[in-house]
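Reading the structure
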Amino acid sequence: PCHGSLCPPRWPWARSRWALPSPAASSWQLTLEQPQGDSMMTCEQAQLLANLARLIKAKKALDLGRARGWGTFTGYSALALALALPPAGRVVTCEVDAGPPELGRPLWRQAEEEHKIELRLKPALETLDELLAAGEAGTFDVAVVDADKENCTAYYERCLQLLRPGGVLAVL
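The shown structure was predicted, so the numbers you read here are calculated from the model rather than taken from an experiment.

Calculation notes
- Residues numbered from 1 in each chain as written.
- Predicted model: local features only at pLDDT ≥ 70, side-chain atom pairs only at ≥ 80, totals over all residues.
- Heavy atoms only, no water.
- Helix = DSSP H or I, 4+ residues; strand = E, 2+ residues; numbered from the N terminus.
- Buried < 20%, exposed > 50% of the residue type's maximum accessible area, 1.4 Å probe, protein only.
- Contact = heavy atoms within 4.5 Å.
- Pairing = 2+ DSSP bridges.
- Axes fitted to C-alpha atoms, helices over the stretch in contact; angles between N-to-C directions.
- Salt bridge = Lys/Arg side-chain N within 4 Å of Asp/Glu carboxyl O.
- Polar contact = N/O pair within 3.5 Å; in protein donor to acceptor, adjacent residues only side chain to side chain.

Considerations on the overall build of the chain
Within the chain, the secondary structure is distributed over 7 helices and 5 strands. Traced from its N-terminal end to its C-terminal end, the chain shows the element sequence α-α-α-β-α-β-α-β-α-β-α-β. Every one of the 172 residues in the chain was classed for burial, and the buried ones make up 47%. Sequence separation of at least 24 residues holds for 78% of the intrachain contacts in the chain that already meet a minimum separation of 6.

Following this line, the structure appears as structure tokens:
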């Protein structure tokens, strides 16, 4: 996001129209308050991804989050995606530490989206390999990669296999 004099004059107006629904905004605030919370995607990025998911009528999303870690963290981006999916939608998200997602889980519940979010407590590459082995290649509509940069190429390659033709792959 821009700061101070670097902001375009209409930035506050534009940002007010990009605001995520309240549960996602609460999750964003919760995440910011955590150590390394500043490494998450911005609210504008989350809203853009949610809008893209709606635009392509996504039903199934993959969320490899947190730029300085391996996963979901508090589940902010997973919740933003879940809010954009239909009632039977599914977001698969990964985390190696059970603690941070438990901070965000009450917000998933409050938003009535917890049933859509499938948290896998293991490294992202292991989850991607399991999804491929389970025959889920070509079944995801959206994949978001905002994970550890050392494995970015491997995430990219596996996500391409998991996405359907015309799906959206966002690498942040």
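A few points about the sheet that holds strand E3 (residues 117–121)
Across the sheet, 5 strands lie side by side as E3-E2-E1-E4-E5; this open sheet has parallel pairing. The strands lining the two open edges of the sheet, one partner per strand, are E3 and strand E5 (163–171). Neighbour-to-neighbour, the strand axes of the sheet open up by a mean angle of 15°, direction not taken into account. In terms of strand pairing, strand E1 (residues 60–64) meets strand E4 (residues 140–145) through 4 bridges, oriented parallel.

Describing helix H5 (residues 99–110)
Among the residues of H5, Pro100, Pro101, Gly104, Arg105, Leu107 and Trp108 are the ones counted as buried. Count one or two residues on from H5 and you reach Glu112, which has phi positive near 60°.

Examining the pattern of salt bridges
Summed over all chains, the structure comprises 12 salt bridges. One salt bridge in this structure joins Arg109 and Glu114, with 3.0 Å as the shortest N-O distance. Residue classification places Arg109 among the partly exposed residues on the basis of a relative accessible area of 47%.

What about the environment of His115?
Residue placement: His115 occurs in the loop between H5 and E3. Here His115 falls in the exposed class, since its relative accessible area comes to 57%. As a C-alpha pair, His115 and Arg90 span 25 residues in sequence and 8.1 Å in three-dimensional space. A distance of 3.1 Å separates a polar atom in the side chain of His115 from the backbone oxygen of Pro87.

Keep in mind these numbers describe shape, not what the thing actually does.
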